[in-house]
Amino acid sequence: MMMLVTGGARSGKSRHAESLLSQYSRVCYIATSQVFDAEMAERIQHHRDSRPAHWRTEERWQHLADIITPHNDPCEAILLECITTLVTNILFASGNPDEIERWDFDALEREVNAEIDALIAACRACPSPVVLVTNEVGMGIVPENRLARHFRDIAGRVNQKLAQAADDVWLVVSGIGVKIK
Amino acid sequence: MMMLVTGGARSGKSRHAESLLSQYSRVCYIATSQVFDAEMAERIQHHRDSRPAHWRTEERWQHLADIITPHNDPCEAILLECITTLVTNILFASGNPDEIERWDFDALEREVNAEIDALIAACRACPSPVVLVTNEVGMGIVPENRLARHFRDIAGRVNQKLAQAADDVWLVVSGIGVKIK
Amino acid sequence: MMMLVTGGARSGKSRHAESLLSQYSRVCYIATSQVFDAEMAERIQHHRDSRPAHWRTEERWQHLADIITPHNDPCEAILLECITTLVTNILFASGNPDEIERWDFDALEREVNAEIDALIAACRACPSPVVLVTNEVGMGIVPENRLARHFRDIAGRVNQKLAQAADDVWLVVSGIGVKIK
């Protein structure tokens, strides 16, 4: 069982994802965020504080298929948050941050796709229910900088790929989950 | 009866909100906008021109609970537009505009929440039907400036709070109201 | 039969629009994009490569009513992509690109509306089914530059106009078409 929860920033995606797993007494929370600065650390802490205390957290920013495996406990649900951060991680791990204007986004997207394809295969083979949280980033004005434009293209295509593979898809708006698949 | 209408810029939120009150012969329109410049004045005038002539307008940019009271006329519906502007008003009333980079957004959000909590309590105690209009601002790329990032976080959480309290919630897309609660 | 497909960037709008016409053996694809730079050329090529080979393409960046006529073949469906580009085309054809800060957006919007009104009338008079693809651009933070602000206002109002005239409207999120009208 693979579920995708999408929505804008601060739309209540996390809470909705948690509510989908409320009947599970054990949840493995996979956090994909890497801490780059104080603002990020604060956001992560804020999220951590709002999670149920009995959850266990795995911090894993890449190679998710190593942790979502056929050997997982089917009684322990998995919540992975979030896909958009995972995409960012891959871009910055492979591209040189000092030469963003020379990044080859086609090559980077192939790396992202390899990770996402492996993740989808892992979710399908894993006996645990898996909820993936992602972000809607394409409903604003075309961004002025090239990285942001390419990022939203890649993130958008990744969301399509995941939604196609998922059993259920939810769009969260103002905290309300709208089931769209 | 508390209703929330959300949607992007120029999505037709106002018109949809008005349509929800079409059976009321008397409507009190609460405008939260403050005029800071000519562009804003033009936008306000544009909105004003498109409202039915028989509505009365109250301009109130803060302390909404003073105007939405248990003593209101149950036959006069209330339309408040818009929450996002109200949030902006509070931020700029409490924070020094010349020192935005040093704003304490946690403290500011507490002030916003105090206003929103009072507003929700007022809507619940008020015998008139109240329609609140707000904006979706979190479905684009992460903004580059800190104020915008914090603003969309606060606005997003406010929308969640209001949607949870509301009896009905509508997402407006291209002028079409989609009832999501 | 006039259908509108809206959604964010890379939300899968094109694919959904194509799926709506899957039963038609002949499709006229009207591409409104003009090539201004290499990035744009690459995006157009990417779209072109993903279209069925048996479709015929018309490149037409304005005056769409010349090509969508009462004399069209009712067995050949029309897919027009996209409205947002059409709006951009009109703005830049009428406004001087070197003096954007002095553009009269009210006058420009009148020109946009004339084109859109003619397009709607043409769709209604045309015996072929017509699918129009547009973009949601108003769900992010208020853009900092004036052109972007006015553009999203105009694009938003155009979307409302088209959705009101359309028989069916779809919002595409992560590749999933949600029928909203």
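Reading guide: rules and limits
- Residues numbered from 1 in each chain as written.
- Chains lettered and ligands numbered in written order.
- Predicted model: local features only at pLDDT ≥ 70, side-chain atom pairs only at ≥ 80, totals over all residues.
- Heavy atoms only, no water.
- UniProt positions renumbered as here; feature names shortened; annotations may be inferred.
- Helix = DSSP H or I, 4+ residues; strand = E, 2+ residues; numbered from the N terminus.
- Rg over C-alpha atoms; globule rule 2.2 N^0.38 Å.
- Contact = heavy atoms within 4.5 Å.
- Buried area = accessible area lost by both parts, 1.4 Å probe.
- Salt bridge = Lys/Arg side-chain N within 4 Å of Asp/Glu carboxyl O.
- Polar contact = N/O pair within 3.5 Å; in protein donor to acceptor, adjacent residues only side chain to side chain.
- Pairing = 2+ DSSP bridges.
- Axes fitted to C-alpha atoms, helices over the stretch in contact; angles between N-to-C directions.
- Least-squares fit on C-alpha atoms with pLDDT ≥ 70 in both.
- 1 Å grid on protein atoms, 1.4 Å probe; cavity = no way out; pocket = protein on both sides within 12 Å on 5 of 7 lines; lining within 4 Å.
- Points joined across faces, edges and corners; volume = space filled by probe spheres on them.
- Nonpolar A, V, L, I, M, F, W, Y, C, P; charged D, E, K, R; others polar.
- Buried < 20%, exposed > 50% of the residue type's maximum accessible area, 1.4 Å probe, protein only.
- Lys, Arg positive; Asp, Glu negative; His and termini not counted.
- Parallel < 35°, antiparallel > 145°, perpendicular 65-115°, else oblique.
- Left-handed = near helix turned anticlockwise from the far one by under 90°.

Chain A is annotated in an unreviewed UniProt entry as Bifunctional adenosylcobalamin biosynthesis protein from Kluyvera genomosp. 3. Listed under Sequence similarities (unreviewed entry) in UniProt, the entry text for chain A is "Belongs to the CobU/CobP family." Its UniProt record gives chain A the following Function (unreviewed entry) comment, quoted word for word: "Catalyzes ATP-dependent phosphorylation of adenosylcobinamide and addition of GMP to adenosylcobinamide phosphate."

**Q** Looking at this structure, I do not really get the overall build of chain A. What am I missing?
**A** Each helix and strand counted, chain A has 5 helices and 7 strands in total. N-terminal to C-terminal, the α/β element order of chain A is β-α-β-α-β-β-α-α-β-α-β-β. For chain A, the C-alpha radius of gyration of 16 Å lies close to 16 Å, the compact-globule estimate for 181 residues. Along the first, second and third principal axes, the C-alpha set of chain A runs to 45 × 35 × 35 Å.

**Q** Whenever I open this one, the interface of chain B and chain C confuses me. Can you help?
**A** How large an interface is tends to be reported as the accessible area lost when its parts come together. If you look at the interface, chain B gives 24 residues, while chain C gives 22 residues. Between chain B and chain C the total buried area reaches about 1,800 Å² when both faces are included, carbon and sulfur atoms providing 58% of it. Between the two partners, chain B and chain C, sit 1 salt bridge. In this structure, C:D153 and B:R10 form a salt bridge, with 2.9 Å as the shortest nitrogen-oxygen distance. At the boundary of chain B and chain C, one finds 8 residue pairs in polar contact (both at pLDDT 80 or more). Among the elements of the structure, helix 2 (38–49), helix 5 (146–165) and strand 7 (176–179) of chain B are those that each provide at least two residues to the side of chain B that touches chain C. Among the elements that take part in the side of chain B that touches chain C, helix 2 of chain B stands out by supplying 4 residues, more than any other.

**Q** How do you make sense of the sheet that holds strand 6 (residues 168–173) of chain A when you look at a structure like this?
**A** The pairing of strands in a sheet happens through backbone hydrogen bonds and is either parallel or antiparallel. Residues and elements named next belong to chain A. The strand order across the open sheet formed by 7 strands is 3-2-4-5-1-6-7, and the pairing between neighbours is mixed. Where the open sheet ends on each side, the last strands, each with one partner, are strand 3 (56–59) and strand 7 (176–179). This sheet shows a mean twist of 25° between the axes of neighbouring strands, independent of strand direction. Relative to strand 5 (residues 130–133), strand 4 (residues 76–81) is paired through 4 bridges, and the arrangement is parallel.

**Q** I'm lost on the relation of the copies chain C and chain A in this one. Help?
**A** Superposition of the two copies of the chain requires a rotation about an axis and a shift along the axis. Structural alignment of chain C on chain A gives an RMSD of 0.0 Å, achieved by rotating through 120° and translating 0.0 Å along the axis. The transformation just described matches what one would write down for a three-fold rotation axis. Residue C:G140 of chain C places its C-alpha closer to the rotation axis than any other residue of that unit, at 2.5 Å.

**Q** So what exactly am I meant to see when it comes to empty space enclosed by the protein here?
**A** Where empty space is left in the structure can be found by rolling a water-sized probe over the atoms. Taken as a whole and judged by the stated rule, the model has 3 cavities of 30 Å³ or more. In this model, the largest cavity occupies a volume close to 80 Å³. Residue composition of the lining of the largest cavity, by class: 2 nonpolar, 7 polar and 3 charged.

**Q** Help me understand the layout of surface pockets, please; the structure alone is not making it clear to me.
**A** There is about 270 Å³ of room inside the second largest pocket. Mapped by element, the contributors of at least two residues to the lining of the second largest pocket are helix 4 (105–125) and helix 5 (146–165) of chain A together with helix 2 (38–49) of chain C.

**Q** What am I meant to see in the side chain of C:R152 here?
**A** Its location among the elements puts C:R152 in helix 5 (residues 146–165). Buried within the structure, C:R152 lacks any salt-bridge partner; its nearest side chain of opposite charge belongs to C:D153, at an N-O separation of 4.7 Å. Contact partners of C:R152, with chain neighbours within four places excluded, come to A:I141, B:A9, B:R10, C:V137, C:G138, C:G140, C:I141, C:V142 and C:P143.

**Q** Got a minute to help me understand the sheet that holds strand 6 (residues 168–173) of chain B in this structure?
**A** Residue and element names in this part refer to chain B. A sheet is described by the order of its strands in space; here 7 strands give the open sequence 3-2-4-5-1-6-7, paired in mixed fashion. At either end of the open sheet lies a strand with only one pairing partner, and these are strand 3 (56–59) and strand 7. Averaged over all pairs of adjacent strands, the angle between their axes in this sheet comes to 25°, without regard to strand direction. Here strand 1 (residues 2–7) runs beside strand 5 (residues 130–133); their pairing, made up of 4 bridges, is parallel. Bridge assignment links M2 to a residue of strand 5, and that residue is V130. Here helix 1 (residues 13–20) sits on the sheet and contacts strand 1, strand 4 (76–81), strand 5, strand 6 and strand 7; the angle it forms with strand 1, its principal contact strand, is near 155°.

**Q** Is there a simple way to explain the UniProt feature "active site" (unreviewed entry) in chain A in this structure?
**A** Residues and elements named next belong to chain A. The UniProt record annotates "active site" (unreviewed entry) at H47. Here H47 is to be found in helix 2 (residues 38–49). The contacts of H47, once residues within four sequence positions are left out, are R10, S14 and E81.

**Q** Explain the pattern of salt bridges to me, please; I cannot follow it from the model alone.
**A** Where charged atoms from two side chains of opposite charge approach closely, those side chains can pair. All names here are of chain A. Inspection of every chain in the model, using the stated rule, returns 24 salt bridges over all chains. For E109, the salt bridge goes to R157, with nearest N and O atoms at 2.8 Å. Of the two residues, E109 is situated in helix 4 and R157 in helix 5; the sequence distance between them amounts to 48 residues. Residue E109 is classed as buried on the basis of its relative accessible area of 11%. Note on R157: relative accessible area 25%, which makes it partly exposed.

**Q** Sorry if this is basic, but what is going on with the packing of helix 3 (residues 83–94) of chain A against helix 5 of chain A here?
**A** The description of two helices packed together rests on the angle between their axes and the distance between the axes. All names here are of chain A. Packing of helix 3 against helix 5 brings their axes to within 10 Å, and their N-to-C directions diverge by 130°. In terms of orientation, helix 3 lies oblique with respect to helix 5. Where helix 3 crosses over helix 5, the handedness of that crossing is right-handed. Contacts between helix 3 and helix 5 involve I83, T84, V87, T88, L91 and F92 on the former and, on the latter, L147, F151, I154, V158 and L162. Residue composition of the contact of helix 3 with helix 5, grouped by class: 9 nonpolar, 2 polar and no charged.

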